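Working through the structure, step by step
This is what each chain is made of:
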Protein chains: 2
Amino acid sequence: MSKSLLNELRPLFYPESVAIVGVSAMGDGAGNRFLQILKKFGYGGRIYLVHPTATEIEGLKAYPSVRDIPGRVDFVNISAPAPHVPQIIADCVAKGVPAAEIFTAGFRELSEEGRKLELEIKKIAGGNIRIVGPNCFGVYSPGGGLTLLPGANYPRESGNVGVIYQSGGWVTDFIWRADAFNMKFSQVVSYGNGIDLNEVSLLEYFAEDPNTTIVAAYLEGINDGNRFRKIVSSLRGAKPVIIWKGGLSESGKRAVNSHTGSLAGDRSVWNAFFKQTGAVQVRGFEELLDTTAIFNYLTPGNYRNLAFIGGGGGVGVAASDISEGFNFKIPQSTTEITNEVSKLIPPQGTSIKNPFDTGSPNTPAQVLERLMQIVAGWTEVDALIINRMFFYGLRELMGEHLAEEDARVAAVMRAKQRIDKPLLVVLEELAYGSDKIDMERDRRSVRNALLKAGIYVTPNVYRALRALNNYSEYWKGAGMKRKAS
Amino acid sequence: MSKSLLNELRPLFYPESVAIVGVSAMGDGAGNRFLQILKKFGYGGRIYLVHPTATEIEGLKAYPSVRDIPGRVDFVNISAPAPHVPQIIADCVAKGVPAAEIFTAGFRELSEEGRKLELEIKKIAGGNIRIVGPNCFGVYSPGGGLTLLPGANYPRESGNVGVIYQSGGWVTDFIWRADAFNMKFSQVVSYGNGIDLNEVSLLEYFAEDPNTTIVAAYLEGINDGNRFRKIVSSLRGAKPVIIWKGGLSESGKRAVNSHTGSLAGDRSVWNAFFKQTGAVQVRGFEELLDTTAIFNYLTPGNYRNLAFIGGGGGVGVAASDISEGFNFKIPQSTTEITNEVSKLIPPQGTSIKNPFDTGSPNTPAQVLERLMQIVAGWTEVDALIINRMFFYGLRELMGEHLAEEDARVAAVMRAKQRIDKPLLVVLEELAYGSDKIDMERDRRSVRNALLKAGIYVTPNVYRALRALNNYSEYWKGAGMKRKAS
């Protein structure tokens, strides 16, 4: 693995100056939009515009070509039409620009001509400039002040998750929805057709990058299967790699070809890949999101025996059924545990067995806290799941009870400090009416408080257990036995 | 089937007067909460309180027993401790009260004593009073002005969905989340242990009720399997019955026993039940919600061949992969269709094959409308799915583009009028940050506009296709072939 990537890609991720090729004097080019979001996002370096005839656009000086820009240029964003791109790359090379992104589509995914254009660009680049794209959304680098469309309001704060994404649309959702887990990113790269930087080189970068401890990827095809396999394998147990492989179905393969012109590959090949490398295989967008995020919240281990604490019996029934589907066990509580729990909650309308049912989300905070401690002390249990114990609709329904809700949240956070087992909280999105947006606001505020206390929060038990299963299987594969209590 | 149930249960669902037994003079009883929500909900009939010693509580006169109430009493809500319930029911019978709900828990699900209490109550009731519960949340009857805890803010508007729910916690969520589909209810009954009214009699009621055209149920056990099978079968093809059976796993059976004291039954028995009766089997809360709702939006048929119109190529890849999992087909577009579509959308960064990718959610409204018409005219396609074509985050990101968004929504609604095939819209919940609640508000407003135009809207393709698959299988089972175009 080349040790130089961290330095080599520095101008791409932390450019001191950016040039935009593809701005229109009328203001409606993709380059203009890129300029706008770059400003809104708060990019701090110099911005140069390139336009064949205009000398000033949107209050900034424009130059006829990248070559004519007086100062140093670290990174060029290109959204000019495909046939112009080879010349623009030639200008970049002549100017000594180290990195560029080709946003423009219409290459190999479209036609044979497009494929030839890609080859021409590669030849002109000649290893002197690193390229993201074409047919991509580019780079979101919170630390470097770069963002991708339409992420003017993405967080500026950096994090520990590196993202390799072959789809632009999905990647914008991924960054937004990461909010739900307080997940932040080191770098996010949407690389499209990947004629230069691709899943292999980007993974090599993340392997080197000390800020990146988890890698999430959406892949449509693979450029160098052997090399990719080797890097993923080398990261096993050190930096989890979570991969959603798109296009494993027959019609999906067709769609992949129309999208990025990639060869999707066969299911059997990919199954073997996951088995050999220990990468976590996920099968959809939310599963990728949930599974990536859980690695930030739990300590490594294979957690198989669960205890549920829930406010409602039906909730416990569903949790049991879902657990079986993921091969989790719900141990029957011992007489000792049952006796202890029976001192805490009344017998009517509750369950003092696992799943434990306190009868209502309106459980007194101290009861919930004590219950969590008792259950966490039970040696046969590996992980605790708190399910439907918060009821953020209370403000709207009965404002006077909100203090109880706050006390319950605080109790869970206190209990978390004393529990050395994974703790997951399920916090449903209850109210979907437009007139009930305050309930959703309350839910998010409870969620954020719990996330900040280091507690993994998900909107339903199914998603919680799917993520926990992926997590546990990963560590089992990496050689960890059941986590010792 | 008794033809009298509609009349017999009228006092339960549309009571002209309600008595509450279980109010505390201190204001903290379950009956007090019931009183509060009943008032907030706007119940229009007379309310009487029953208390052994107090003569006035919360400004209302209290009577020592139901017998002492001067006027007629249609419905009694009971939350007094279990051992008192037999006497209260005896009072109700003496008074000639036709219906009661026993909210109180601590019966057969708790102990042998509790089981005996239930038998005693049944004996006292002697067929003279219809009872919901015990160990239940009771009745939400928007037309009758009745609601269950904590539904003070549930809609007062009635609808066409009848709900039979053996869990109180889930049922409160179900009513709230029905908002997401603009789904309204005729009656919702959480019946818990079901010593009198249960899944059998409630289904008989809904079978008779002309306002109810769809029945959704969450069941833990069955009281009279043969009778239930017979009624469900008789409704096949007339009133869809969608059932989530909880407790099919081993630990789920245990949980069911702790929850409602029901016998959960074996998976094989239930599989046979669904096969014989044609009821729609769902396996979780969201699936029950989504599947029930879809029956309100599509015309009966077995829809197997799908066309996707999406703003983004990766979105199409995922849609293809998910389709395969549900045995949907995505026909390859004919040369004719491809040619027509190619006149509408530029070739770069798009796909003119199925899945159709317009390249971006920012597609001009007239392009989207025309594209929908072309695809809907394609005979090989049974249903259209619009995927990621709205971008309600625009107001926050670039306020000036919101008019385009509105135009796109209007275009889809216009197209819907001219399309005689099912149309589903996927509208993702993008932004999860507490600071981005306005994006969610915008999403809900777009969603509501589409729902009102008769378009089924779901938050992701997986949920859309799971519901459409259940729907298609239902009508296939009811003898419908592939819907003729």
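The following paragraphs examine the structure supplied in this document.

Criteria and thresholds
Residues numbered from 1 in each chain as written. Chains lettered and ligands numbered in written order. Predicted model: local features only at pLDDT ≥ 70, side-chain atom pairs only at ≥ 80, totals over all residues. Heavy atoms only, no water. Helix = DSSP H or I, 4+ residues; strand = E, 2+ residues; numbered from the N terminus. Rg over C-alpha atoms; globule rule 2.2 N^0.38 Å. Buried < 20%, exposed > 50% of the residue type's maximum accessible area, 1.4 Å probe, protein only. Contact = heavy atoms within 4.5 Å. Areas by Shrake-Rupley, 256 points an atom, 1.4 Å probe, with all protein chains shown as cover. Lys, Arg positive; Asp, Glu negative; His and termini not counted. Charge placed at Lys NZ, Arg CZ, Asp CG, Glu CD. Least-squares fit on C-alpha atoms with pLDDT ≥ 70 in both. Pairing = 2+ DSSP bridges. Axes fitted to C-alpha atoms, helices over the stretch in contact; angles between N-to-C directions. Salt bridge = Lys/Arg side-chain N within 4 Å of Asp/Glu carboxyl O. Phe/Tyr/Trp six-rings, centres within 6.5 Å; stacked < 30°, edge-to-face > 60°. Lys NZ or Arg CZ within 6 Å of the ring centre and 35° of its normal. Polar contact = N/O pair within 3.5 Å; in protein donor to acceptor, adjacent residues only side chain to side chain. Buried area = accessible area lost by both parts, 1.4 Å probe. Parallel < 35°, antiparallel > 145°, perpendicular 65-115°, else oblique. Left-handed = near helix turned anticlockwise from the far one by under 90°. Nonpolar A, V, L, I, M, F, W, Y, C, P; charged D, E, K, R; others polar. Expected span 1.5 Å × (residues − 1).

1. Examining the overall build of chain A
Looking only at helices and strands, chain A features 18 helices and 18 strands. Scaling as 2.2 N^0.38, a compact globule of 485 residues should have a C-alpha radius of gyration of about 23 Å, and chain A matches this with 26 Å. Each principal axis of the C-alpha distribution contributes one length, and for chain A these read about 80 × 50 × 40 Å. Sorting the 485 residues of chain A into buried and exposed places 65% on the buried side. Counted over contacts in chain A with a minimum sequence separation of 6, partners at least 24 positions apart contribute 76%. Carbon and sulfur atoms provide 50% of the accessible area of chain A, an area that totals close to 16900 Å². For chain A, the distance from the average site of its 54 positive side-chain charges to the average site of its 50 negative ones is 4 Å.

2. Observations concerning the relation of the copies chain A and chain B
Once chain A has been moved 0.0 Å along the axis and rotated by 180 degrees, it coincides with chain B to within an RMSD of 0.0 Å. Read as a symmetry element, the transformation amounts to a two-fold axis. Minimal C-alpha separation from the rotation axis in chain A is found for A:I437, amounting to 3.9 Å. Both copies contact each other with a shared surface, as 100% of the interface residues of chain A are interface residues in chain B too.

3. As for the sheet that holds strand β3 (residues 56–57) of chain B
Residue and element names in this part refer to chain B. Across the sheet, which stays open at both edges, the seven strands sit in the order β3-β4-β2-β1-β5-β6-β7 with mixed pairing between neighbours. Two strands lie at the open edges of the sheet, namely β3 and β7 (130–132), each paired on one side alone. Examined bridge by bridge, strand β1 (residues 17–21) and strand β2 (residues 46–50) share five bridges and lie parallel to one another. Paired with S17 across the two strands is R46, which belongs to β2. The sheet contacts of helix α3 (residues 30–41) involve β1, β2, β3, β4 (60–63) and β5 (75–78), and relative to β1 the element is tilted by about 155 degrees.

4. Quick notes on the pattern of salt bridges
A side chain of one charge can pair with a side chain of the opposite charge if their charged atoms are brought near each other. Using the criterion set out here, one finds 48 salt bridges over all chains in the structure. Of the charged contacts, one joins B:E440 and B:R443 as a salt bridge, the two residues approaching to 3.0 Å between their closest N and O atoms. Highlighted residues: B:E440 and B:R443, both in helix α17 (residues 437–452), separated by three residues, approximately one helical turn. One exposure class covers both B:E440 and B:R443, and it is buried. Through salt bridges with shared partners, a single ionic network connects A:R177, A:E286, A:D290, A:R463 and A:R466.

5. Quick notes on the packing of aromatic side chains
Evaluation of the coordinates by the stated rule reveals 56 aromatic pairs over all chains. Ring centres of B:F295 and B:Y474 lie 5.3 Å apart, and the angle between their planes is 85 degrees; on these two criteria the pair is classed as edge-to-face. One end of the pair, B:F295, is in the loop between α11 (285–294) and β14 (306–310); the other, B:Y474, is in helix α18 (residues 461–477), and 179 residues separate them in sequence. Within the aromatic cluster, the residues linked to one another by ring pairs are A:F41, A:Y140, A:Y154, A:Y165, A:W170, A:F174, A:W176, A:F185, A:Y218, A:W244 and A:F285. Stacked on the ring of A:Y14, the Lys or Arg A:R10 has its end atom at 4.8 Å from the ring centre. If you follow A:R304 out to its NZ or CZ, it ends over the ring of A:F328, 4.6 Å from the centre.

6. Overview of the sheet that holds strand β17 (residues 423–426) of chain A
Residue and element names in this part refer to chain A. Overall, parallel pairing links the five strands, which are arranged β15-β14-β16-β17-β18 in an open sheet. Here the strands that pair on one side only, and so sit at the sheet edges, are β15 (356–357) and β18 (456–458). As paired elements, strand β14 (residues 306–310) and β15 share two bridges and run parallel to each other. Along β15, the bridge assignment pairs G310 with D357.

7. A look at the side chain of A:K184
Residues and elements named next belong to chain A. Position of K184 relative to the elements: it lies in the loop between α6 (168–177) and β10 (185–190). Despite being buried, K184 has no salt bridge partner; E157 is the closest side chain of opposite charge, sitting 4.3 Å away. Looking at K184, its side chain comes within polar contact range of the side chain of N182, at 3.0 Å.

8. A word on the pairing of β4(B)
All names here are of chain B. With two bridges joining them, β2 and β4 adopt parallel strand pairing. Residue V50 lies in a different strand from β4, and its bridge partner there is Y63. Pairing analysis gives two bridges linking β3 to β4, with the strands arranged antiparallel. What sits directly across from I57, in β4, is L60. Connecting the antiparallel pair β3 and β4 is a turn made up of two residues, with E58 showing a positive phi of about 50 degrees.

9. Concerning the interface of chain A and chain B
The interface is formed by 81 residues belonging to chain A together with 81 residues belonging to chain B. When the two sides are added together, the surface that chain A and chain B hide from each other amounts to roughly 6300 Å², 53% of it contributed by carbon and sulfur. In this structure, the connection of chain A to chain B is made through four salt bridges. Only α3 (30–41), α6, β12 (241–245), α9 (250–260), α12 (313–325), α15 (394–397) and α17 (437–452) of chain A provide two or more residues apiece to the side of chain A that touches chain B.

10. A short note on the packing of α12(A) against helix α18 (residues 461–477) of chain A
Residue and element names in this part refer to chain A. As a packed pair, α12 and α18 sit with axes 10 Å apart at the nearest point and diverge in direction by 30 degrees. Viewed along their axes, α12 and α18 adopt a mutual orientation that is roughly parallel. As α12 runs across α18, the sense of the crossing is right-handed. Residues A319, I322 and S323 of α12 lie in contact with α18, whose contacting residues are V461, Y462 and L465. By residue class, the composition of the contact of α12 with α18 is five nonpolar, one polar and no charged.

11. As for the side chain of A:T458
All names here are of chain A. With respect to the secondary-structure elements, T458 resides in strand β18. Separated by 3.0 Å, the side chain of T458 and the backbone oxygen of N460 make a polar contact. What T458 contacts, discounting residues up to four positions off in sequence, is F181, V425, V426, L427 and A464.

12. Considering α3(A)
All names here are of chain A. End to end, α3 covers 16 Å across 12 residues, agreeing with the expected 16 Å (1.5 Å per residue, within 8%). For α3, the complete set of buried residues consists of G31, N32, F34, L35, I37, L38 and F41. Phi turns positive, to about 95 degrees, at G42, one or two residues after α3.

13. Examining the packing of α6(A) against helix α11 (residues 285–294) of chain A
All names here are of chain A. Taken N-terminus to C-terminus, the directions of α6 and α11 make an angle of 40 degrees; their axes are 11 Å apart at the nearest point. Classified by the angle their axes make, α6 and α11 are oblique. In the crossing of α6 with α11, the sense of the turn from one axis to the other is right-handed. Facing W170, D173, F174 and R177 of α6, the residues of α11 in contact are F285, E286, L288, L289 and T292.

14. A few points about unusual backbone geometry
Of note, the amide linkage connecting A:G133 to A:P134 takes the cis form, showing an omega dihedral of 0 degrees. Tracing the backbone shows A:P134 in the loop between β7 (130–132) and β8 (138–140). Here the phi dihedral of A:E58 falls at roughly 50 degrees; this positive angle occurs in a residue that is not glycine. Within the secondary structure, A:E58 is located in the loop between β3 (56–57) and β4 (60–63). The phi dihedral of B:N327 is positive, around 60 degrees, even though this residue is not glycine. If you trace the backbone, B:N327 turns up in the loop between α12 (313–325) and α13 (335–342).

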